[in-house]
Amino acid sequence: MGSDSEIEKTAPKEREKKKMLALAPIAKPLAGEKLCKRTLKLVRRAAEQKCLKRGVKEVVKSIRRGNGGLCVIAGNISPIDVITHVPILCEEANIPYVYVPSKEDLANAGATKRPTCCVLVLAKPTKGELGQEEQDKLKGDYDQLTSELSELANSMF
């Protein structure tokens, strides 16, 4: 038998494998491990600043109203039909989007307990104003991530 530390080391690897197996075939462009961490960090920061729309209904409504941003979609949604229209809406509105492997991780980053299908990170809050320092920090992370996503999308097509 192995020690407890060996079991603890293999558990996260097995969880990652299960996440990858549960991915939908349309989950492209899929964020790599490093890009996924940065994306979830941006989602967390946007949730703290109230610059986040959660769930398919809110995201679609916001996109149709013309609010720009960055759309983050979970790749392990079942049934996948729930979110198949979201990337099309994003492309029509010139909004960058990316898939992350887990809806649970996306919910944790978005400060909710319930697993979330997709979120829209807004460049500025819908209500109120942010402090200049907070706004610059959020805008810098947002711009860096959108440029990386455009490179990822260009390399795919």
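Fair warning: this is a prediction, and the values are worked out from it, not measured in the lab.

**What to know about the overall build of the protein**
Part 1 of the reasoning: In terms of regular secondary structure, the protein is built from six helices and four strands.
Part 2 of the reasoning: Reading the secondary structure of the protein in the N-to-C direction produces α-α-β-α-β-α-β-α-β-α.
Part 3 of the reasoning: Relative to its full complement of 157 residues, the protein shows a buried share of 39%.
Part 4 of the reasoning: Nonlocal contacts in the protein, meaning residues at least 24 apart in sequence, comprise 83% of its contacts between residues at least 6 apart.

**Observations concerning the pairing of strand β4 (residues 118-122)**
Part 1 of the reasoning: Buried residues dominate β4, accounting for five of its five residues.
Part 2 of the reasoning: Side-chain alternation along β4 places Cys118, Leu120 and Leu122 on one buried face and Val119 and Val121 on a second face that is also buried.
Part 3 of the reasoning: Summarising the sheet, strand β1 (residues 52-54) and β4 pair through three bridges and their orientation is antiparallel. What sits directly across from lysine 53, in β4, is leucine 120.

**Thoughts on the pairing of strand β2 (residues 69-74)**
Part 1 of the reasoning: Most of β2 is tucked away: six of the six residues are buried.
Part 2 of the reasoning: Here five bridges tie β2 to β4, and the two strands are oriented antiparallel to one another. Looking at β4, one finds that glycine 69 is bridged to leucine 122.
Part 3 of the reasoning: Where β2 meets strand β3 (residues 97-100), four bridges bridge the pair, whose relative direction is parallel. When the sheet's bridge partners are listed, valine 72 is paired in β3 with valine 98.
Part 4 of the reasoning: Each parallel crossover has a hand, and for β2 linked through helix α4 (residues 86-92) to β3 it is right-handed.

**Quick word on the pattern of salt bridges**
Once the charged atoms of two side chains with opposite charge are near each other, the side chains can pair.
Part 1 of the reasoning: With the rule as written, the count across this model stands at three salt bridges.
Part 2 of the reasoning: Notably, a salt bridge pairs glutamate 148 with arginine 38, separated by 2.2 Å at the nearest N-O pair. Here glutamate 148 is found in helix α6 (residues 132-156), whereas its partner arginine 38 is found in helix α2 (residues 33-48), with 110 residues between them in sequence.
Part 3 of the reasoning: For glutamate 148, a relative accessible area of 22% puts it in the partly exposed group.
Part 4 of the reasoning: For arginine 38, a relative accessible area of 30% gives the class partly exposed.

**What to know about α6**
Part 1 of the reasoning: In a regular helix each residue adds 1.5 Å, so 25 residues correspond to 36 Å; α6 covers 36 Å between its end C-alpha atoms and thus fits that length.
Part 2 of the reasoning: Among the residues making up α6, those that are buried are Leu138, Tyr142, Leu145, Thr146 and Leu149.

**A closer look at the packing of aromatic side chains**
Part 1 of the reasoning: What the rule picks out here adds up to one aromatic pair.
Part 2 of the reasoning: Aromatic side chains tyrosine 97 and tyrosine 99 sit 6.3 Å apart centroid to centroid with 80° between the ring planes, which places their arrangement in the edge-to-face category.
Part 3 of the reasoning: Taking the relative accessible area as the measure of exposure, tyrosine 99 reaches 1% and is therefore buried.

**Points about the packing of α2 against α6**
Part 1 of the reasoning: In the contact formed by α2 and α6, the axes pass within 10 Å of each other and the chain directions differ by 145°. Considering only the axes of α2 and α6, their crossing is left-handed. Contacts between α2 and α6 pair Leu35, Arg38, Thr39, Leu42, Arg45 and Ala46 from the former with Lys137, Leu138, Asp141, Tyr142, Gln144, Leu145, Glu148, Leu149 and Leu152 from the latter.
Part 2 of the reasoning: Partitioned by chemical class, the residues of the contact of α2 with α6 number eight nonpolar, two polar and five charged.

Rules behind the numbers
- Residues numbered from 1 in each chain as written.
- Predicted model: local features only at pLDDT ≥ 70, side-chain atom pairs only at ≥ 80, totals over all residues.
- Heavy atoms only, no water.
- Helix = DSSP H or I, 4+ residues; strand = E, 2+ residues; numbered from the N terminus.
- Buried < 20%, exposed > 50% of the residue type's maximum accessible area, 1.4 Å probe, protein only.
- Contact = heavy atoms within 4.5 Å.
- Pairing = 2+ DSSP bridges.
- Right-handed = clockwise from strand over helix to strand, strands pointing away.
- Salt bridge = Lys/Arg side-chain N within 4 Å of Asp/Glu carboxyl O.
- Expected span 1.5 Å × (residues − 1).
- Phe/Tyr/Trp six-rings, centres within 6.5 Å; stacked < 30°, edge-to-face > 60°.
- Axes fitted to C-alpha atoms, helices over the stretch in contact; angles between N-to-C directions.
- Left-handed = near helix turned anticlockwise from the far one by under 90°.
- Nonpolar A, V, L, I, M, F, W, Y, C, P; charged D, E, K, R; others polar.

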